[in-house]
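Residue-level structural notes
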Amino acid sequence: MRNIIRRDGEFFQRDRDLQPQAYTPIYKTSVARSPRHALLSIDNSLSEITGPMFNHNELGPLDHDMLKNYAKGGDPIGERIIVHGRVLDENGRPVPNTLVEVWQANAGGRYRHRNDSYLAPIDPNFGGCGRCLTDEDGYYFFRTVKPGAYPWRNYVNSWRPAHIHFSIFGSGFAQRLITQMYFEGDPLIAKCPIVNTVPDREATARLVAPLDVNAGVPMDMLAYKFDIVLRGRRSTLFENRLEGN
Amino acid sequence: MVQPLGYLKETASQTAGPYVHIGLIPKQAGFAIFDNDFGGNLVGPKTRGERIVIEGRVIDGAGELVRDALIELWQANSVGRYNHPDDRQDDKALDADFRGWGRAGTDFETGLYRFETIKPGRVPGREGKLQAPHASLWIVSRGINIGLQTRVYFSDETEANAADPVLNAIAMRERRKTLIAQKSSRDGQTIYTFDIVLQGDNETVFFDA
Ligand SMILES: [Fe+3]
């Protein structure tokens, strides 16, 4: 009996036209932190197509629930929301069991971080980070509050649109990605130098999560849907002889 | 007209920002939230292999220390096999006590990052050409728009390094040494020092892999 088996091979070449360049003077910190030499193009080897794997035992039951995972006797202040979506690859296939980590400011725009001194108050019931593994369909979800906008020193009066930072692993180390999710309808998005490091307007639009009323909970929370696409992988098709010849 | 190919497009990268620690290493941000934090120690008492430390600093184009970077490390085990189903080198043993991955922030004061790990074995590259022992690194921080990928090789592997297909792909020979960590010993530990220069004279070679 013969079967065609599809094995995952190397990753598709990254489309750099859709990704920010390293040197983007509109985002001033990039000026001194951007390589000047061209990147060295290397073919994928085992070192690039493999990557770390995580399992459910490593995560706590509330790690994905930012309404509860730092609560000290109360709920965090802010608009309660669900953020959910799927992690897919460029072939449209789900990326299952991959670690998704998020972090964000509280509803006032303040981070729980020793280096953040913005005058908005710390929320005693809000840590601002969460993590989960995608399921077999690449699906993930978090519960949280909608983060506030905050000012930062780029131009004299630069403000970050409300955003949630996302870190995603994928199945191989060359798929590793960090990005930010924005919220539909926010007028600060178009003005943001960090958003505008991405040269392609359709690519920035894909960073904006639409309101997803259907996925919310009546009288409780709204939902936003954010799908993430990682690099696709070539398939190596070959004939597999299951038994003898 | 033709049919659309139907591929999706990769999500655009955005900087990890100054507060990456909250999400990925919350202890460094200054609070405890998860029972199990990921960190820079890759080894347990039962891990097989030679204990080593990989440490260094990240330096920007002005020569300043980057004190808010996050670095992830991915490597094979002591016999050169990755703990991943796509590594099908069944002649090499997996090590149940070694995932091969860790993450570490540069220190807010000293700028130092540090991994405690084992020396990786050699892994085959393309067309079966053996690669020199190495670990893959990925660097993000405020001001870095898309994670920078590179490799750390080891200064005491002169012969293997000379035959490594990736090192040899670097046309400017001088730049090859930016990927080689210098071996020393301190308090009985083997230390490999690997500074990452984001920009300038000794700029580290970064990959589009
Ligand atoms: Fe932020």
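Conventions used here
- Residues numbered from 1 in each chain as written.
- Chains lettered and ligands numbered in written order.
- Predicted model: local features only at pLDDT ≥ 70, side-chain atom pairs only at ≥ 80, totals over all residues.
- Heavy atoms only, no water.
- Helix = DSSP H or I, 4+ residues; strand = E, 2+ residues; numbered from the N terminus.
- Buried < 20%, exposed > 50% of the residue type's maximum accessible area, 1.4 Å probe, protein only.
- Contact = heavy atoms within 4.5 Å.
- Areas by Shrake-Rupley, 256 points an atom, 1.4 Å probe, with all protein chains shown as cover.
- Donors = N, O, S within 2.8 Å, 3.2 Å for Na, K, Ca; no water.
- Tetrahedral: all angles 85-135°; square planar, octahedral: opposite > 155°, others 65-115°.
- pLDDT = per-residue confidence, 0-100.
- Salt bridge = Lys/Arg side-chain N within 4 Å of Asp/Glu carboxyl O.
- Pairing = 2+ DSSP bridges.
- Buried area = accessible area lost by both parts, 1.4 Å probe.
- Polar contact = N/O pair within 3.5 Å; in protein donor to acceptor, adjacent residues only side chain to side chain.
- Nonpolar A, V, L, I, M, F, W, Y, C, P; charged D, E, K, R; others polar.
- Phe/Tyr/Trp six-rings, centres within 6.5 Å; stacked < 30°, edge-to-face > 60°.

1. What to know about the overall build of chain A
- The number of helices and strands found in chain A is two helices and 14 strands.
- Along the three orthogonal principal directions, the C-alpha set of chain A runs to about 70 × 45 × 30 Å.
- Burial analysis of chain A (245 residues in total) assigns 53% to the buried set.
- Across chain A, the fraction of contacts at a sequence separation of at least 24, relative to all contacts at a separation of at least 6, is 73%.
- Accessible surface, chain A as shown: approximately 11,000 Å² in total, 53% of it carbon and sulfur.

2. Examining the coordination of the iron ion
Residue and element names in this part refer to chain A.
- Coordination of the iron ion by the protein comes from Tyr111 (OH), Tyr150 (OH), His163 (NE2) and His165 (NE2), over a distance range of 1.9 to 2.2 Å.
- The coordination sphere of the iron ion comprises four donor atoms, whose angles at the metal cover 90 to 163 degrees; the geometry is irregular.
- Counting residues between consecutive donors of the iron ion along the chain gives the motif Y-x38-Y-x12-H-x1-H.

3. Description of the confidence of the model for chain B
- Averaged over all residues, the pLDDT of chain B is 97; the fraction at 70 or higher stands at 100%.
- In the predicted assembly, ipTM is 0.97 and pTM is 0.96.

4. Here we look at the pattern of salt bridges
- Under the counting rule described, the total for this entry stands at 30 salt bridges over all chains.
- With its nearest N and O atoms 3.1 Å apart, the salt bridge here joins arginine 233 of chain A to aspartate 86 of chain B. Residue arginine 233 of chain A is located in strand β14 (residues 233-241), and its partner aspartate 86 of chain B is located in the loop between β2 (70-75) and β3 (101-105); the two belong to separate chains. Of the two residues examined, arginine 233 of chain A and aspartate 86 of chain B, each falls in the buried class.
- Note that aspartate 90 of chain B and arginine 81 of chain B form a salt bridge whose closest N and O atoms lie 3.4 Å from each other.
- The exposure class of aspartate 90 of chain B is exposed, given its relative accessible area of 64%.

5. A few points about the environment of asparagine 36 of chain B
- Note on placement: asparagine 36 of chain B falls in the loop between α2 (26-29) and β1 (51-59).
- Taking the C-alpha atoms as reference points, asparagine 36 of chain B and phenylalanine 108 of chain B, 72 residues apart in sequence, are found 22 Å from one another.
- Excluding residues that lie within four positions of it along the chain, asparagine 36 of chain B makes contacts with Glu58 and Arg131 of chain A.

6. Here we look at the pairing of β2 of chain B
Residue and element names in this part refer to chain B.
- For β2, the buried fraction is high: six of the six residues fall into the buried class.
- Of the two faces of β2, both are covered, the one formed by Leu70, Glu72 and Trp74 as well as the one formed by Ile71, Leu73 and Gln75.
- The pairing of β2 with β3 spans five bridges and is antiparallel. If you follow leucine 70 over to β3, its bridge partner there is glycine 105.

7. Remarks on the interface of chain A and chain B
- Contacts between the two partners involve 87 residues from chain A, matched on the other side by 77 residues from chain B.
- Buried surface at the junction of chain A and chain B, summed over both partners, amounts to about 7,400 Å²; 57% is from carbon and sulfur atoms.
- Three residues, Arg33, Leu40 and Phe173 of chain A, lead the burial of chain A against chain B; their summed loss comes to 12% of the area buried on that side.
- For the pair chain A and chain B, the interface holds 10 salt bridges.
- Here arginine 176 of chain A makes a salt bridge to glutamate 72 of chain B, at a shortest N to O gap of 2.6 Å.
- The tally of links between chain A and chain B comes to 49 residue pairs in polar contact (both at pLDDT 80 or more).
- The greatest single-element share of the side of chain A that touches chain B, amounting to five residues, is contributed by strand β10 (residues 177-183) of chain A.
- In terms of residue class, the side of chain A that touches chain B is made up of 37 nonpolar, 27 polar and 23 charged.

8. Comments concerning the sheet that holds strand β4 (residues 99-103) of chain A
- If you trace the five strands from one edge of the open sheet to the other, you get β5-β4-β9-β10-β11 (chain A), paired in mixed fashion. Since the sheet does not close on itself, it has two edges, and those belong to β5 (129-133) and β11 (208-209) of chain A, each with one partner.

9. Some details on the pairing of strand β6 (residues 148-154) of chain B
Residues and elements named next belong to chain B.
- With seven of seven residues buried, β6 lies mostly within the body of the structure.
- Taking every second residue as pointing to the same face, both faces of β6 are buried, with Leu148, Thr150, Val152 and Phe154 on one and Gln149, Arg151 and Tyr153 on the other.
- Pairing between strand β5 (residues 134-140) and β6: six bridges, direction antiparallel. Each bridged residue has a counterpart across the sheet, and for alanine 135 the counterpart in β6 is valine 152.

10. Describing the packing of aromatic side chains
- Scanning the model with the defined rule gives 18 aromatic pairs over all chains in all.
- Plain terms: the ring middles of phenylalanine 54 of chain A and tryptophan 101 of chain B are 5.1 Å apart, the flat faces sit at 85 degrees to each other, and that makes the pair edge-to-face. Residue phenylalanine 54 of chain A is located in the loop between α1 (46-49) and β3 (80-89), and its partner tryptophan 101 of chain B is located in strand β3; the two belong to separate chains. For the residue pair phenylalanine 54 of chain A and tryptophan 101 of chain B, the accessibility class agrees, reading buried in each case.
- An angle of 80 degrees between the planes, with centres 6.4 Å apart, marks the rings of phenylalanine 142 of chain A and phenylalanine 166 of chain A as edge-to-face.

11. With respect to unusual backbone geometry
- In the Ramachandran plot, methionine 219 of chain A falls in the positive-phi region, its phi being about 65 degrees despite a non-glycine side chain.
- Structurally, methionine 219 of chain A is set in the loop between β11 and β12 (222-225).
- You will see that aspartate 187 of chain B, though not glycine, has its phi angle at about 50 degrees, which is positive.
- Note that aspartate 187 of chain B resides in the loop between β7 (180-186) and β8 (189-193).
- Of the residues examined, aspartate 187 of chain B reaches a relative accessible area of 74% and is grouped as exposed.

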